[in-house]
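A closer look at the structure
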Amino acid sequence: MKNEILRLEKSFFQLQYMNDVNWLNMILHPDFKEFGKSGTMIHKSEVIESLMQCTKDRDITVYNYEFMQVDVNTFLVHYVTKESDMLYYRTSLWVKEECLCLVFHQASKINDTLYLREY
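Our subject in this report is the structure included herewith. Just so you know, these numbers come straight off a predicted model, no measurement behind them. Residue positions are counted from 1 within each chain, in the order its sequence is given. Reporting of local features is limited, given that this is a predicted model, to residues whose pLDDT is at least 70; pairs of side-chain atoms are given and counted only at 80 or more, and all residues count toward the totals for whole chains, interfaces and linings. Side-chain metrics rest on all non-hydrogen atoms present in the structure, leaving aside hydrogens and water.

A word on the pairing of strand β4 (residues 74–83). Counting buried positions along β4 gives eight out of ten residues, so the element sits mostly inside the fold. Each pair of strands is called paired provided DSSP finds at least two bridges between the two strands. By the criteria applied, helices consist of DSSP H or I runs no shorter than four residues and strands consist of E runs no shorter than two, each listed in order from the N terminus. In the sheet, strand β3 (residues 61–71) pairs with β4 via eight bridges, with the strands oriented antiparallel. By the bridge assignment, F67 is partnered in β4 with V77. Here β3 folds back onto β4 in antiparallel fashion, the turn holding two residues. Relative to strand β5 (residues 86–96), β4 runs antiparallel, the two being bridged by ten bridges. When the sheet's bridge partners are listed, V80 is paired in β5 with Y89. Between β4 and β5, which follow one another and run antiparallel, lie two residues, and S84 among them has a positive phi close to 55 degrees. Working definition: with a 1.4 Å probe on protein chains only, accessible area under 20% of the residue-type maximum means buried, over 50% means exposed, and in between means partly exposed.

What follows is the structure, encoded as C-alpha cells:
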C-alpha cells in the first residue's frame, strides 16, 4: 500500500492524470478538501478545475516520504516536494472504500534546510 499511494501521489504531477476528469473524480473522495500552498482551502470541484488547466507535467521531486496505516482502510502520508527550488511539506489522507481515494491534502512552504532523501 505504501508504494501504491506514493505512485498515486506522483500521478498528480503528470499531465495524463491531471487532465483526466474521470480519473480525478474517481481518485478524489466526494468530500475531498485541500489546504494548498496558496494558503487557501479548496474543494474537489475547484481542484479538478485547476488541474484541468495544466498543459504539461509538473517538474516535482518527492523526498522524505513517510507512510502510516491509521486503521485497516485509512492511510496517512507525509513527504517533501521540490518545485522550482521551493520546498513544500505535504500531507495526504487516503481511504480505501470502493477504491483508494484521497480525502485531504495539505501543502505548506518550508523555510528550513532539510536533509532530503529522494523517492
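Once that is clear, we can look at the environment of E49. Counting through the fold element by element, E49 comes out in helix α4 (residues 44–51). In this structure E49 comes out as exposed when scored by relative accessible area, which is 54%. C-alpha of E49 to C-alpha of M18: the two residues are 31 residues apart in sequence and 9.7 Å apart in space.

Despite not being glycine, N64 shows a phi value in the positive range, around 50 degrees. On the accessibility criterion, N64 (14% relative accessible area) is buried. Within the chain, D85 stands out as a residue other than glycine whose phi angle is a positive 65 degrees. Along the chain, the position of D85 falls in the loop between β4 and β5.

This brings us to helix α1 (residues 2–11). Restricting attention to buried positions, one finds in α1 the residues I5, L6, L8, E9 and S11. Only heavy atoms matter for contacts: two residues are in contact if any of them lie within 4.5 Å across the pair. Where α1 is buried, its residues touch α2 (15–18), α3 (21–27), β3, β4, β5 and β6 (100–109).

This next bit is on the sheet that holds β4. The strands making up a sheet associate through hydrogen bonds between their backbones, and the pairing can be parallel or antiparallel. The strand order across the open sheet formed by six strands is β2-β1-β6-β5-β4-β3, and the pairing between neighbours is mixed. Edge positions in the sheet fall to β2 (41–43) and β3, since each of these pairs with one other strand and no more. Here the average twist between neighbouring strands, direction ignored, is 15 degrees. By the bridge criterion, nine bridges tie β5 to β6 in an arrangement that is antiparallel. Across the sheet, S92 pairs through a bridge with H105, a residue of β6. Those strands touched by α1 are β3, β4, β5 and β6, and its axis lies near 130 degrees from that of β3. To define axes, lines are fitted to C-alpha atoms, for helices over the stretch in contact only, and angles between the resulting N-to-C directions are given on a 0 to 180 degree scale.

What follows concerns α4. Buried within α4 are the following residues: K44, V47, I48 and L51. Along the axis of α4, the buried residues cluster in a sector spanning 100 degrees; they form a single face. Away from its buried face by more than 90 degrees, α4 exposes S45 and E49. Against α2, α3, β1 (28–35) and β2 lie the buried residues of α4. This arc is built from the directions going out from the helix axis to the C-beta atoms.

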